[in-house]
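A closer look at the structure
If you want the building blocks of each chain, they are given just below.
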Amino acid sequence: METLLTPAFVTALLFGAVTAGVPLLLAGLGEQVSEKAGVLNIGIEGMMLAGAYAGFVAAYYSGSFLAGFVAGGLGGAGVAALMALFCVRLGMNQIVIGIALTLGAEGLTALLHHFQFSRSYPRLDAAPALALPGLAEIPIVGPALFSHHWLVYLAVLLVPLLAWVFRRTHLGLNLEAAGQMPAALDAAGIGVLATRTFAVLATGFLAGMGGAYMANVGAGLFVPFMTGGAGFMGIVLAMLARGRPSWVLVGSIVFGLSLSLTTAFQVAGVNVPTDVVQMLPFLMVMLMLVLFARHSGLPPALGLPYVRGSR
Amino acid sequence: MGKAPVLSLRGVTKRFPGVIANDNISLDFRAGEIHVLLGENGAGKSTLIGVLAGMQQPDAGEILSHGRAVRIGSPRESLGLGIGTVFQHVLLVPSLTVLENLMLGRGRASRLDRAGTLRRFHDLSQALAVSLDPEAKLGALSLGQQQQVEIMRALWRGEGVLILDEPTSMLTPQGVRELGEVMRRLRGQGVAVIFITHKLREAYEFGDRISVLRLGRLVGQLGPERLSAMNQEQATDEVIRLMFGSPSGHQGEAETLAGRGIRRRAGIIDRSGEAILRARDLSTVAETGECPLREVGFDLWPGEVLGIAGVDGNGQKHLAEVLAGQRMAAQGSIRLGGVEIGGTDVGARRRMGLRYITDERLGEGTVQPFSVATNLVMKEIGVAGLWRHGVSLWGRIHGHARERIREFDIRTPSERTPVGRLSGGNIQKVLLARELGSAARVVIFNKPTYGLDLQNTKLARDRIREGADAGLATVLISTELDELIELADRIGVMFQGRLAGIIDNREGVEQRIGLLMTGAAA
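The shown structure was predicted, so the numbers you read here are calculated from the model rather than taken from an experiment. (Residues numbered from 1 in each chain as written. Chains lettered and ligands numbered in written order. Predicted model: local features only at pLDDT ≥ 70, side-chain atom pairs only at ≥ 80, totals over all residues.)

Thoughts on the overall build of chain A
Cut-off, in case you're wondering: A run of H or I in DSSP becomes a helix once it reaches four residues, and a run of E becomes a strand once it reaches two; helices and strands are each numbered from the N terminus. The globule rule is 2.2 Å times the number of residues to the power 0.38, and the radius of gyration it is compared with is taken over C-alpha atoms. The exposure label follows from counting other C-beta atoms within 10 Å of a residue's C-beta, where the C-beta atoms are placed from the backbone and the thresholds are 20 or more for buried and 12 or fewer for exposed, leaving partly exposed in between. For every residue pair, C-beta atoms are placed from the backbone, and the pair is scored as a contact if these atoms sit within 7 Å.
Summing up its helical and strand segments, chain A has 12 helices and 2 strands in all. The N-to-C order of helical and strand elements in chain A reads α-α-α-α-β-α-β-α-α-α-α-α-α-α. A compact globule built from 311 residues would reach a C-alpha radius of gyration of about 19 Å, and chain A, at 20 Å, matches this within 12%. Its C-alpha atoms give chain A principal-axis dimensions of roughly 65 × 45 × 40 Å. Sorting the 311 residues of chain A into buried and exposed places 51% on the buried side. Excluding contacts between residues fewer than 6 apart, the proportion of contacts in chain A whose partners are at least 24 apart in sequence is 76%.

Quick word on the environment of Val-277 of chain A
Residues and elements named next belong to chain A. Position of Val-277 among the secondary structure elements: in helix 12 (residues 274–292). C-alpha separation for the pair Val-277 and Ile-235, spaced 42 residues apart in sequence, amounts to 22 Å. If we ignore the near neighbours within four places in the chain, the residues touching Val-277 are Thr-262, Phe-265, Gln-266 and Val-272.

Side note on the pairing of strand 22 (residues 498–504) of chain B
Residue and element names in this part refer to chain B. Worth spelling out the cut-off: The pairing criterion for strands is at least two bridges between them, as found by DSSP.
Looking at chain direction, strand 21 (residues 490–495) and strand 22 are connected through 5 bridges and run antiparallel. Bridge pairing in strand 22 places Arg-490 opposite Asp-504. Taking the residues between adjacent antiparallel strands as the criterion, strand 21 and strand 22 are bridged by 2 residues, where Gln-496 takes a positive phi near 50 degrees.

Describing the pairing of strand 14 (residues 331–336) of chain B
Looking down a regular strand, the side chains alternate between one sheet face and the other. Residues and elements named next belong to chain B. Sheet topology places strand 11 (residues 277–283) next to strand 14; 5 bridges connect them, and they run antiparallel. Paired with Arg-280 across the strands is Ser-333, a residue of strand 14. Across 2 bridges, the pairing between strand 14 and strand 15 (residues 339–340) is antiparallel. Bridge pairing links Leu-336 to Val-339 in strand 15. Linking two consecutive strands that pair antiparallel, namely strand 14 and strand 15, is a turn of 2 residues; a positive phi of about 60 degrees is found at Gly-337 within it.

Notes on the nonpolar core
Put simply, the test is: Core membership is restricted to buried Ala, Val, Leu, Ile, Met, Phe, Trp, Tyr and Cys residues, and these are joined into a nonpolar core through C-beta atoms within 7 Å.
Ranked by size, the top nonpolar core spans 167 residues in total, and within it Ala-52 and Ala-184 of chain A together with Ile-163, Val-193 and Ile-194 of chain B carry the most contacts. The biggest single contributor to this core is helix 9 (residues 192–219) of chain A, with 15 residues. Apart from the residues within four sequence positions on either side, Val-193 of chain B is in contact with Ile-34, His-35, Leu-162, Leu-164, Met-183, Leu-186 and Arg-187 of chain B. Core analysis: the next-biggest nonpolar cluster, separate from the first, contains 64 residues, Leu-277, Val-305, Ala-320 and Leu-432 of chain B among them.

Quick look at the environment of Leu-173 of chain A
Residues and elements named next belong to chain A. Note that Leu-173 resides in helix 7 (residues 170–180). Since 25 C-beta atoms lie within 10 Å of it, Leu-173 is described here as buried. Linking Leu-173 and Asn-271, residues 98 residues apart in sequence, is a C-alpha distance of 52 Å.

Quick word on the sheet that holds strand 4 (residues 60–65) of chain B
Residue and element names in this part refer to chain B. Selection rule: Geometry is summarised by axes, namely lines fitted to C-alpha atoms with helices restricted to the contacting stretch, and by angles between N-to-C directions that run from 0 to 180 degrees.
Reading across the sheet, the 4 strands line up as 2-1-4-5 and stay open at both edges, with antiparallel pairing between neighbours. Of all the strands in the sheet, just strand 2 (19–29) and strand 5 (68–70) have a single pairing partner and so form its edges. Each strand of the sheet is rotated relative to its neighbour by a mean of 30 degrees, with strand direction disregarded. Against the sheet, helix 1 (residues 45–53) contacts strand 1 (7–16) and strand 2, and its axis sits at roughly 60 degrees relative to strand 2.

Let's talk about the interface of chain B and chain A
In plain terms, the rule: Under the grouping applied here, Gly and all other residues not named as nonpolar or charged are polar, the nonpolar ones being Ala, Val, Leu, Ile, Met, Phe, Trp, Tyr, Cys and Pro and the charged ones Asp, Glu, Lys and Arg.
Chain B puts 24 residues into the contact, and the matching count from chain A is 19 residues. Secondary structure elements with two or more residues in the side of chain B that touches chain A: helix 2 (75–80) and helix 3 (98–103) of chain B. A total of 3 residues in the side of chain B that touches chain A trace back to one element, the largest contributor, which is helix 2 of chain B. Residues that form the side of chain B that touches chain A fall into these classes: 13 nonpolar, 6 polar and 5 charged.

As for the sheet that holds strand 16 (residues 354–357) of chain B
Residues and elements named next belong to chain B. Taken in spatial order, the 6 strands line up as 16-19-20-13-21-22 in an open sheet, and their pairing is mixed. In this open sheet, the two strands that pair with only one neighbour each are strand 16 and strand 22. Each strand of the sheet is rotated relative to its neighbour by a mean of 15 degrees, with strand direction disregarded. Where strand 13 (residues 305–309) and strand 21 come together, 4 bridges link them in parallel fashion. Considered in strand 21, the bridge of Leu-306 is made with Arg-490. Packed onto the sheet, helix 19 (residues 509–517) meets strand 13, strand 21 and strand 22 and runs at close to 20 degrees relative to strand 21.

Remarks on helix 4 (residues 94–117) of chain A
Owing to its 3.6 residues per turn, the α-helix aligns residues three or four sequence positions apart on the same side. Convention followed: One less than the residue count of a helix, multiplied by 1.5 Å, gives the span that helix is expected to have.
In this model helix 4 of chain A runs 34 Å from its N-terminal to its C-terminal C-alpha over 24 residues, within 8% of the 34 Å that 1.5 Å per residue would give. On the buried face of helix 4 of chain A, the contacting elements are helix 2 (44–62) and helix 3 (65–89) of chain A.

Overview of unusual backbone geometry
Residues and elements named next belong to chain B. We note that Asn-24 has phi near 55 degrees; this positive angle belongs to a residue other than glycine. Exposure remark for Asn-24: the 15 C-beta atoms within 10 Å place this residue in the partly exposed category. Residue His-66 is not a glycine yet carries a positive backbone phi of 50 degrees. Looking at the element boundaries, His-66 is found in the loop between strand 4 and strand 5. Note on His-66: 13 C-beta atoms within 10 Å, which makes it partly exposed.

Regarding the domain arrangement of chain B
Residues and elements named next belong to chain B. The line we're drawing: Domain start and stop points were drawn from an automatic or database domain assignment.
Here chain B is partitioned into domain 1 (7–258) and domain 2 (293–517). Relative to domain 2, the C-alpha centre of domain 1 lies at a distance of 32 Å. Every contact between the two is made by 12 residues of domain 1 and, on the other side, 12 residues of domain 2. At the level of secondary structure, the elements contributing two or more residues to the side of domain 1 that touches domain 2 comprise helix 6 (173–188) and helix 10 (251–258). In terms of residue count, the dominant contributor to the side of domain 1 that touches domain 2 is helix 10 (4 residues).

Description of the packing of helix 10 (residues 230–241) of chain A against helix 11 (residues 245–268) of chain A
Residue and element names in this part refer to chain A. The cut-off we apply is this: In these notes the angle categories are as follows: under 35 degrees is roughly parallel, over 145 is roughly antiparallel, 65 to 115 is roughly perpendicular, and the rest is oblique. Each helix crossing is assigned a hand: it is left-handed if the near helix lies turned anticlockwise from the far helix by less than a right angle, otherwise right-handed if that turn is clockwise.
Direction vectors running N to C along helix 10 and helix 11 enclose 135 degrees, while the axes themselves pass 8 Å from each other. Looking at the two axes, helix 10 sits oblique to helix 11. Handedness of the helix 10/helix 11 crossing: right-handed. Note on element contacts: helix 11 touches helix 10 through Trp-247, Val-248, Gly-251, Ser-252 and Phe-255, opposite Met-233, Leu-237, Ala-238, Leu-240 and Ala-241.

Thoughts on the packing of helix 2 of chain A against helix 10 of chain A
When two helices pack together, their arrangement is captured by the angle between the axes and the distance separating the axes. All names here are of chain A. At their nearest, the axes of helix 2 and helix 10 sit 7 Å apart, and the two run at 130 degrees to each other. As far as their axial angle goes, helix 10 and helix 2 are oblique. Every pair of crossing elements has a handedness; the one defined by helix 2 and helix 10 is right-handed. Where helix 2 abuts helix 10, its residues Ile-44, Glu-45, Met-47 and Met-48 lie against Ala-230, Gly-231, Phe-232, Gly-234 and Ile-235. Counted by class, the contact of helix 2 with helix 10 contains 6 nonpolar, 2 polar and 1 charged residues.

Following this line, the structure appears as structure tokens:
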């Protein structure tokens, strides 16, 4: 064990945790917006994947990471628009549509990727890192936490921003009411469907950015099915966080660390079967659910389509 | 009243599949007047409110605001016309504070204006003479207080029209008095108040003008001049005459409507023998948003009706479920005919003669897509005679259903019709037919007439009385005091999970119950 805990290993572990955690953070925050408004967004895995693909393609052809993230967000929002159409506007079952969208996005991105690149997996250049002056020089922790792509800092800043939106703005109240008591929101003169549509699109955009980060920064390439359950982990994070963005951050650190540990173990050549190591993050998910999800505090109207005048 | 109306309906018609909810209704609402819309369940009051509040679109007719034709396509447009609505069921968000609820809907994405909202909150608190904590979570307030928040919200922008849809149904007598004061204050300030109720007494007490609806039609109106010239009795008779033409053919319905609280149970209960149902020290554990039972106990003798009064949400549901066996008590004992049944399940209790008629006729009482016949045997699936070796004998099940349909006068096209297609009154008859079989000894009714029209209310009450006369021991949980006074021998009051003072149903019982409902006297 002593041979493992070298400064270099710890730095790599933490760096990896951030890289793995940021997509989870974005997905978890996005899912939180959706769930707050009463839409259980199972399609988020598909939105991440669509974002990863769109983001990669945009970055690959334009050479711009910014363009990649914007395209990723739009790709995710595109899938989310379908979710909003079917589940919010037409009131169809959110679970069924969510699963369909995830499966559809998996198939479609794999197919498009195959047509475009055949069996090759072109790589992007390494993403430029923005080292925060001063902080990045701290030994061990500095290079691990404060020398990342700017999207990482943006994602972290999103946490207080969302907390502020939830507590201090009309949008926050509207989202909360749409999930807790949609008829009250309607009676107050705000469209429930409009509020929920906005929430679902925002979720798609954030999840898509998370996917694009995974492809463009995390891996530097797109591989079909590359999100590997990150969207579902985001759902778990949102569920455990009970409407608080800060808890999504905590959760994504924990999950990010366990994902990073998986990679680190493999790199360090620890003599444990790969399959067991790869199970680690999912064991963590189950453990967290068993420990903390007894009272999930989910909104009462979650998963229920809203129809004016019916109760 | 020479004043021009602030809001008018002209020939408003609204159809739903199979019914005309509003048939060519024309009404005028004036500033500084409390206008009562009176009618029984299903008369079309709520649809009319839905039209004014922008929740429903009329099929024909027009709405005039200050003499100008308007279209109210959404709740927002209704608010924009200065119409504030307080719906029958509280439409506020329980997880938000009072202040946050009042800010809801006043913007889309902008920052919340707490200071300005607080100022308006204090102004309105003063105008309405109510005191509320603006930072309290709404879910922690009593229903009466929640309603005050609703009224504030409805008047927020200085709305000139306030609609109150059955506002007294969730209130204690004290809460009703306070609401009356608030309404009179608003009338003094020139607000046009539209007050919807199915209770004649309230209509007379609060109304300057009473419009009577029946089966979707406006059947008559009593203006302020005529109302002030009449005493309560005359006004009541006049409204009954409007509703039924000649009252003679509808005596029972008219009395039910008038809520005159006639005591029909004159029988003397023999309490010398052993009580058939003894509950002692019953307590339950509540989930969030529910009220648990706290050490509830009572005795019930054969042929007796024990009324349980109280504002909804004070533990009545838990009491009914614990007695029926659908919920286990955390402590306490229930003895039926001397046998402890606290640990037994629903089936065992049913076989011992205990029956439960739930207030949730659709969710809990019946399976809507299943046929009337299936619903009639729902609690006896597998019983010998209708099943053999687990195989349904449909001929016998349908035969059994036809008997029941005849006996209880269930209006259904056939025994195979899905129960969800029947009216509320007929679904209640299906439940009564299922539960009030020959072997019943103790029956628990939870709000048996809730949401029923007058005719079915009367029928259900008659059934309860007949059952008791035939020796059934009955627990009657109701939020309608008139109903309890009509049917019960003794009345207890549920308040915050406790059953306070079971008292004999005699003259003057209303006042004592009113006090007990607010927890003022134990």
